[in-house]
Amino acid sequence: MASLAKNLKNVTPNVRRAVVTWDKAERIQRNEEIFKNSESVVHRLPEHYKTRYWETILSDKTPVHYRPPTSRFAHDSFKNVEIELEENPIIGIRTPEGDDGLWGGERVVKGWIESAPYTKKKILPRYWVPKLFFPALKNVVLYSEILDKYIKVTVTERAMRLIDEHFGLDYYILESKEIDLDSKFANSLKREMLLTLTTESYYEENDEKKAYIKEKYADFVIPEREAEWIGLELNEAARKQQDMEDSTAPEPLKYKFEQSLLERLRDGTDEISQELENPEAPMKTESKFGDKMFGKYLNPIGKKLRSATN
Amino acid sequence: MQNFDFTNFHSLRFFKSTMWRSLPSLVSSAVRSQNAVNTRFSSTMKQFFDDEANFGKAELRPKHRPGRSWTAEELRLKSNSDLHKLWYVCLKERNMLITMKKAHTSRARNMPNPERLDRVHETMDRIESVVHERNDAVFRLETGESAAPRKRTITSFAGFTYQKQATEHFAPPQLGQKEYETPYLDDDAYVMQKLWQEKEFMKNRDRLDDEKRRAARTEDMDRFKRGAPRVFNR
C-alpha cells in the first residue's frame, strides 16, 4: 500500500518501533561468522579492543541520507487509511576517497532516475537508469588544538557543520563514535589525539597552554595501551596482533618449571623433598588385596616359577 | 678404493654383460681394472653387497629372513649414542639393499625379501622421530620454541586460511610483503568462500545420499538385476 509522504500524518507521537535495521543485521551476521571460528586470530586480540569493536558493531549509525520515521503509525487522509511506518536506512557506497577525508558520515549514494523524463514516450522510450549521487566536497584547512597542527583535508558541508556544533575539530573527533566518523583518516586522527593526550606530549615549552589542554580534554584520557588500539579496523588490529606475537620470543619452559617448583617448596606440597626430609613418614605401599586370601596357594607356585626361570 | 665408489650406481653397468652368479668376481675384476692394483675382493668391499649365499635366490632361508623393525617404544629406551650407532647400521644396510635392488632390477630379477628395505625405512623414520622428540624437549626447555620449523597462519587472496611454514630471509619483509591472517575478508574472497562452502556442503550431502542408497541395496538386487521394491504409499 503505497502512500505519498506529503499526505501522511503521525498518529502516535514519537513512539518508534524498535527494530534492528538491515545494515546493522548485516554487520552482526558478518562479524558473528568471524568470531564463530575459535581458531581465528580475533580471539587473541586484547579484551578492551574486542569490547569496543562489538560496541561499534551493535551501535546504530546516525541517519545521514534519510529521515527515520518519527512515529509508528501514520494516517493517510487522502486514501483514508492507517499505515505502519518502516525504517529502511539508505546506506551509501564506501569509497577510498572517503577514507582519506572527513565526510561526516556522507557517502556516495546510488539511486534510480527516469531517463528522458519530459520527452514523449512515442519519440523516446523512458527507462529507469541508475545514478550515483556524490557529496559536494571541498578542500579546507582545519586546526587541531591537541596536535597543534593545520590539516588540509577534503570535507563536506555536513562535516563542517558538525565541527561547529562540537566547538572544534578536536571535540568533534573525540566525541563522535567511530561508526559515525566513517573514515580511516578520522579514526587514525582520533588514535593520534588520544595517544598525545595520554602521553602529554603536547606544548612541551608552553606550560600555561599545556595545563589548559590538560584540563579541557581531561575526560578523554584513557590508558596508553588502549589508546593505541583505538580506531583500528579488525584486519588492522589482527595484523598488529600478529606482528606483536612474531616479535615477542616465547618464554623457555625452564623458567616456568623453576617457578612452579619454588611455589611447591614454599607451600610444602613437593612430594620428593618431603620424602627426603622425613623418612619416618608413612610410606605409600602397593595394595595387597587378595594376597591374604590366595597367597597361601599362589606364593609357593610363584616362587617355584621364579627359581626355575633364574 | 680411492676413486671407486660402490654406492654409485653407475659402477653397476660393469655387470651388464656377465652372468648373475659371477657377481663378486666381476666386481673384483672391475676394481682391478680401475685401480690397476691386484687387490682382492676384501671384506670391506663385501659390506656394500648382500651375502653371496643370497644371490639369485627367490627367498632367503628362514634363519636369514628379516625380523620386524624397531618400534618407537624400544628406541625411546636407547641413549643418544646408541641411536647414532643404530642409524649408521641402518644406513649401511639401506645402502646395501638399494644396491642389490638396482642390480636385480637391471637383470630383470626379483630381489629376495624386498621387505627388508621397508623394515629399514621404518626403523630409520622412527629413529628420526625419536631424536626429534628429544630435540624438541630440549628446545622447549631452553628456548621455548619447538624444534620443528615455525608455522604462520595466513589467508590467501581467495579467503582460504591455512598454515604456512615460515622461511628465513636476510632482511625483514618490506611493507605490504608480509602475509597475515585477515579475519574480515574483502567482497570477492567472501563470495568465493560462500560458494566454496556451498559446493562442499552439496558434495557431502550427495556422498551421504550415495552411501545410504548403497547400504539399502540387498544381494538380490545385484544378483537378479532388480530395483528396489516400489513403495508408493510410504
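The rules we used
- Per-chain numbering applies: the sequence of each chain, read as written, is numbered from 1 onward.
- Written order decides the labels, with chains lettered from A and ligands numbered from 1.
- In keeping with the model being predicted, local features are shown solely for residues with a pLDDT of at least 70 and side-chain atom pairs are shown and tallied solely at 80 or more, while totals for entire chains, interfaces and linings include all residues.
- Just so you know, side-chain values use all the structure's heavy atoms and leave hydrogens and water out.
- UniProt positions are given in the numbering used here, feature names are shortened, and annotations may be inferred rather than shown by experiment.
- Whether two residues are in contact is decided by their heavy atoms: any pair within 4.5 Å suffices.
- As used here, buried area is the combined drop in accessible area, with a 1.4 Å probe, of two parts when they are placed together.
- Throughout this description, the term salt bridge denotes a Lys or Arg side-chain nitrogen within 4 Å of a carboxyl oxygen of Asp or Glu.
- Any pair of N or O atoms that falls within 3.5 Å is considered a polar contact. Within protein, one atom must be able to donate a hydrogen and the other to accept it, and sequence-neighbouring residues count only if both atoms are side-chain atoms.
- A run of H or I in DSSP counts as a helix once it spans at least four residues, and a run of E counts as a strand once it spans at least two, with each numbered from the N terminus.
- Just so you know the grouping, Ala, Val, Leu, Ile, Met, Phe, Trp, Tyr, Cys and Pro go in nonpolar, Asp, Glu, Lys and Arg go in charged, and all remaining residues, Gly too, go in polar.
- Each domain span listed reflects an automatic or database assignment of domains.
- Each nonpolar core is a collection of buried residues, namely Ala, Val, Leu, Ile, Met, Phe, Trp, Tyr and Cys, held together in the definition by side-chain atoms within 4.5 Å.
- Summary of the burial criterion: residues with accessible area below 20% of their type's maximum are buried, those above 50% are exposed, and those between are partly exposed, where the area comes from a 1.4 Å probe applied to protein chains only.
- Angles run from 0 to 180 degrees between N-to-C directions of axes, and those axes are lines fitted to C-alpha atoms, restricted for helices to the stretch in contact.
- Angles are sorted into four bins: roughly parallel if under 35 degrees, roughly antiparallel if over 145, roughly perpendicular if 65 to 115, and oblique for all others.
- In this analysis, a patch consists of residues with relative accessible area above 30% that form no salt bridge, clustered at 9 Å for like charges and at 5 Å for the nonpolar side chains Val, Leu, Ile, Met, Phe, Trp and Tyr.
- Here the open area of atoms and residues is found with the Shrake-Rupley method and a 1.4 Å probe, where only the protein chains shown may cover a residue.
- Multiplying 1.5 Å by the residue count of a helix minus one yields the expected span of that helix.
- The reported arc concerns the directions from the helix axis to the C-beta atoms and nothing else.
- Each pair of strands is called paired provided DSSP finds at least two bridges between the two strands.

Chain B has the name Large ribosomal subunit protein uL29m in an unreviewed UniProt entry, where Caenorhabditis elegans is given as its organism. In its Subcellular location (unreviewed entry) section, the UniProt record describing chain B reads: "Mitochondrion". On record in UniProt, under Sequence similarities (unreviewed entry), the comment for chain B is "Belongs to the universal ribosomal protein uL29 family."

As recorded by an unreviewed UniProt entry, chain A carries the name Large ribosomal subunit protein bL28m and is attributed to Caenorhabditis elegans. In its Sequence similarities (unreviewed entry) section, UniProt records this for chain A: "Belongs to the bacterial ribosomal protein bL28 family."

Topic: the interface of chain A and chain B
For an interface, size is often stated in terms of accessible area lost upon the parts coming together. Counting residues at the interface gives 22 residues for chain A and 19 residues for chain B. Summed over both sides, the interface of chain A with chain B buries roughly 1800 Å², with 47% coming from carbon and sulfur. For the pair chain A and chain B, the interface holds 5 salt bridges. For the pair chain A and chain B, the number of links is 14 residue pairs in polar contact (both at pLDDT 80 or more). Put simply, the parts of the chain that give the side of chain A that touches chain B at least two residues each are helix 1 (22-36), helix 10 (234-247) and helix 11 (253-267) of chain A. In terms of residue class, the side of chain A that touches chain B is made up of 10 nonpolar, 4 polar and 8 charged.

Some words on the domain arrangement of chain B
Structurally, chain B comprises domain 1 (45-143) and domain 2 (151-168 + 177-224). A separation of 39 Å is found between the C-alpha centroids of domain 1 of chain B and domain 2 of chain B.

Digging into the nonpolar core
Grouped together as the largest cluster of nonpolar side chains are 30 residues, with contacts concentrated most on L102, L142, I173, L174, L197 and Y217 of chain A. Elements with a minimum of two residues in this core: strand 6 (137-144), strand 7 (149-156), helix 4 (157-165), helix 5 (169-175) and helix 7 (184-199) of chain A. The residues contacting Y217 of chain A, other than those within four sequence positions of it, are E145, I146, D170, Y171, L174 and L197 of chain A. One finds L75, L83, M111 and L117 of chain B within the second-largest nonpolar core, a separate group that totals 17 residues.

Digging into the packing of helix 11 of chain A against helix 5 (residues 115-142) of chain B
It is the contact of helix 11 of chain A with helix 5 of chain B, at a shortest axis distance of 5 Å, that shows an interaxial angle of 70°. Between helix 11 of chain A and helix 5 of chain B, the interaxial angle falls into the category roughly perpendicular. Contacts between helix 11 of chain A and helix 5 of chain B involve L253, K254 and F257 of chain A from the first element and R140, L141 and E142 of chain B from the second. Among the residues making up the contact of helix 11 of chain A with helix 5 of chain B, the classes are represented as 3 nonpolar, no polar and 3 charged.

Some details on the domain arrangement of chain A
Domain parsing of chain A yields domain 1 (1-89) and domain 2 (241-273). Here the C-alpha centre of domain 2 of chain A lies 50 Å away from the C-alpha centre of domain 1 of chain A.

A few points about a nonpolar patch on the surface
The grouping of M293, F294, Y297, L298, I301 and L305 of chain A at the surface amounts to a nonpolar patch, some 690 Å² of accessible area in total. Judged by its relative accessible area of 53%, Y297 of chain A falls in the exposed class.

Things to note about the environment of I146 of chain A
Residue and element names in this part refer to chain A. Inspection of the secondary structure puts I146 in the loop between strand 6 and strand 7. Taking the relative accessible area as the measure of exposure, I146 reaches 1% and is therefore buried. When sequence neighbours within four positions are dropped, the list of residues in contact with I146 reads D170, L174, M193, T196, L197, Y202 and Y217.

Topic: the pattern of salt bridges
All names here are of chain A. In the structure shown here, the tally under the stated rule is 36 salt bridges over all chains. The shortest N-O distance in the salt bridge between E84 and R72 comes to 3.1 Å. Taken together, the positions of E84 in strand 3 (residues 81-84) and R72 in the loop between helix 2 (47-58) and strand 2 (73-76) put the pair 12 residues apart, joining distant regions of the chain. Residue classification places E84 among the partly exposed positions, given a relative accessible area of 37%. Residue R72 is classed as partly exposed on the basis of its relative accessible area, which comes to 31%. Residues joined in a network through salt bridges with shared partners are R94, D99, K184 and E233.

Thoughts on helix 4 (residues 80-106) of chain B
Residue and element names in this part refer to chain B. For helix 4, built from 27 residues, the straight-helix expectation of 39 Å at 1.5 Å per residue is met to within 8% by its first-to-last C-alpha distance of 39 Å. Within helix 4, burial applies to L83, L86, C90, M96, L97, T99, M100, A103 and H104. Following helix 4 by one or two positions, A108 adopts a phi angle in the positive range, close to 55°.

Focus: helix 1 of chain A
One full turn of an α-helix is made of 3.6 residues, so residues set three or four places apart face in the same direction. Taking 1.5 Å as the rise per residue, helix 1 of chain A with 15 residues should run 21 Å; its terminal C-alpha atoms sit 21 Å apart, in good agreement. All of the buried residues along helix 1 of chain A are D23, K24, R27, R30, N31, I34 and F35 of chain A. Taken end-on, helix 1 of chain A shows its buried residues confined to a sector of 135°, consistent with a single buried face. The exposed residues of helix 1 of chain A that point more than 90 degrees off its buried face are E26 and K36 of chain A. Where helix 1 of chain A is buried, its residues touch helix 2, helix 6 (178-181) and helix 10 of chain A together with helix 6 (187-216) of chain B.

Structural notes on the sheet that holds strand 2 of chain A
Residues and elements named next belong to chain A. Reading across from one edge, 1-2-3 is the order of the 3 strands in this open sheet, with antiparallel pairing throughout. Looking at which strands have only one partner, the edges of the open sheet turn out to be strand 1 (8-10) and strand 3. Averaged over all pairs of adjacent strands, the angle between strand axes in this sheet comes to 35°, irrespective of strand direction. In terms of strand pairing, strand 1 meets strand 2 through 3 bridges, oriented antiparallel. Considered in strand 2, the bridge of N10 is made with A74.

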